[in-house]
Amino acid sequence: PLVSADEFGQIAFKTNNLIHGLRERDVCYMSFGKYVTPEIRDRILNGHIPVNGERTEGTLLFSDLRDFTRYVDTTEPEEVIKSMREYFTAMERVIRKYHGIVLQYVGDEIEAVFGVPINLEDHPDRAVQAALEMRKKLAELNQQRARHGKVPFRHGFGVHTGKLLAGNTGSRERLSYALIGGTVNLASRIAGLNKTFGSDILVSGATVERLHRKFPMTEEEEQLVKGYSDPITVYRVES
């Protein structure tokens with residue numbers, strides 16, 4: 001409290017301003033961490049994100065919900081938002097458990113990466129482990145949804161490992177941390193192949209070659225995907 005106008009009062013006034021400023025900084029710091037992951041937040045605030053990005057290697061995981069458009073058309077918007085928040089929260093907890101980072105949510109899609117910006121030698125294994133546990137979490141979530149008479153969700157995963165460019169993109173006024181390169185595009189295409197094979201987790205041959213652990217997998221027929229002239233090999237991850 002300010003009880004005088006002398007030197008002690010001035011010290012109290014400046015101290016109160018300092019405390020107020022620190023509280024505002026902490027609120028901004030924590031809020032910023034809700035829009036980007038804490039790992040990316042810290043690298044941005046510490047100036048560790050190169051202006052022109054950095055070349056690195058990582059494992060991308062893409063997932064999206066099946067028949068989401070139909071679900072949105074037949075469900076109240078408020079319920080859609082609530083259900084998506086529950087779904088995204090459950091899935092992100094698993095991704096973070098295996099030290100992955102969610103880069104963005106686009107509609108019903110999740111884009112996550114393992115091994116970037118924090119280097120992890122076993123990032124391919126972590127991505128596959130995360131996909132397997134996310135499969136289990138969705139089953140648990142669907143049990144809860146069934147008890148409340150809600151439509152169950154189904155999703156598909158695409159996992160791919162390769163080189164990429166990580167850094168800030170966007171306009172001069174609004175930047176966004178993003179991964180750029182063919183690795184990102186191919187991971188997304190692989191996620192879409194689940195519709196072709198009737199599967200829910202597909203992993204690229206490049207990822208399989210880098211795995212340290214053995215997972216139950218079945219090699220599928222080579223497929224041509226949009227934007228690539230050569231067919232790709234993918235593996236179905238069994239339950």
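Anything mentioned here points back to the structure above.
Described in the following lines is the structure provided in the data block. Since the model is a prediction, treat every value here as computed from it, not as a measurement. (Residues numbered from 1 in each chain as written. Predicted model: local features only at pLDDT ≥ 70, side-chain atom pairs only at ≥ 80, totals over all residues. Heavy atoms only, no water.)

Let us look at helix α4 (residues 77-97). Because an α-helix packs 3.6 residues into every turn, residues spaced three or four apart end up facing the same way. Between its first and last C-alpha, α4 extends 30 Å over 21 residues, near the 30 Å set by a 1.5 Å rise per residue. Three or more residues of α4 are buried, namely V80, S83, M84, Y87, F88, A90, M91, V94 and I95. Looking down the long axis of α4, one finds its buried residues gathered within 165 degrees of arc, a one-sided arrangement. Across α4 from its buried face, at more than 90 degrees, point the exposed residues E78, I81, R85 and R93. Residues of α4 that are buried sit in contact with β1 (54-65), α3 (68-73), β2 (100-106), β3 (109-114), α5 (123-147) and β4 (155-170). (Helix = DSSP H or I, 4+ residues; strand = E, 2+ residues; numbered from the N terminus. Expected span 1.5 Å × (residues − 1). Buried < 20%, exposed > 50% of the residue type's maximum accessible area, 1.4 Å probe, protein only. Arc of directions from axis to C-beta. Contact = heavy atoms within 4.5 Å.)

This part covers the pattern of salt bridges. This model, assessed by the stated rule, comprises nine salt bridges. Residue K150 pairs with E79 through a salt bridge whose shortest N-O separation is 3.1 Å. On the criterion of sequence distance, the pair formed by K150 in the loop between α5 and β4 and E79 in helix α4 is long-range, its members being 71 residues apart. (Salt bridge = Lys/Arg side-chain N within 4 Å of Asp/Glu carboxyl O.)

Turning to the packing of aromatic side chains, a few remarks are in order. Counted according to the given criterion, the structure contains five aromatic pairs. Consider the rings of Y87 and F153, whose centres lie 6.0 Å apart with planes at 80 degrees: the pair is edge-to-face. With Y87 in helix α4 and F153 in the loop between α5 and β4, the pair connects residues that are 66 residues apart, well separated along the chain. For the pair formed by Y87 and F153, the shared burial category is buried. Taken together, a centroid distance of 4.2 Å and an interplanar angle of 35 degrees make the contact between F88 and Y105 tilted. Of this pair, F88 sits in helix α4 while Y105 sits in strand β2, placing them 17 residues apart in sequence. Owing to a relative accessible area of 35%, Y105 belongs among the partly exposed residues under this scheme. An aromatic cluster of three or more residues is present, and its members are F68, Y71, Y87, F88, Y105 and F153. Here the guanidinium or amino end of R145 rests over the ring plane of F153, the centre of that ring lying 4.0 Å away. (Phe/Tyr/Trp six-rings, centres within 6.5 Å; stacked < 30°, edge-to-face > 60°. Lys NZ or Arg CZ within 6 Å of the ring centre and 35° of its normal.)

The next thing to look at is the pairing of β3. Where burial is concerned, most of β3 is hidden: five out of the six residues are buried. In this sheet, β3 lies alongside β2 in antiparallel orientation, the contact comprising six bridges. Counted as the bridge partner of Q104 is E111 from β3. Hairpin remark: β2 followed by β3, antiparallel, with two residues in the connecting loop; positive phi at G107, about 65 degrees. (Pairing = 2+ DSSP bridges.)

With their axes 9 Å apart at the nearest point, α4 and α5 run at an angle of 150 degrees to one another. What the angle tells us is that α4 and α5 run roughly antiparallel. Every pair of crossing elements has a handedness; the one defined by α4 and α5 is right-handed. Residue-level contacts link S83, Y87, M91, V94, I95 and K97 of α4 to A130, E133, M134, K137, L138, L141 and R145 of α5. Residue classes in the contact of α4 with α5 are distributed as eight nonpolar, one polar and four charged. (Axes fitted to C-alpha atoms, helices over the stretch in contact; angles between N-to-C directions. Parallel < 35°, antiparallel > 145°, perpendicular 65-115°, else oblique. Left-handed = near helix turned anticlockwise from the far one by under 90°. Nonpolar A, V, L, I, M, F, W, Y, C, P; charged D, E, K, R; others polar.)

For the rest of this paragraph, the subject is the side chain of E133. Secondary-structure assignment places E133 in helix α5. Setting aside residues no more than four positions away along its own chain, E133 makes contact with V94, K97 and Y98.

These results come straight from atomic positions and should not be treated as a statement about function.
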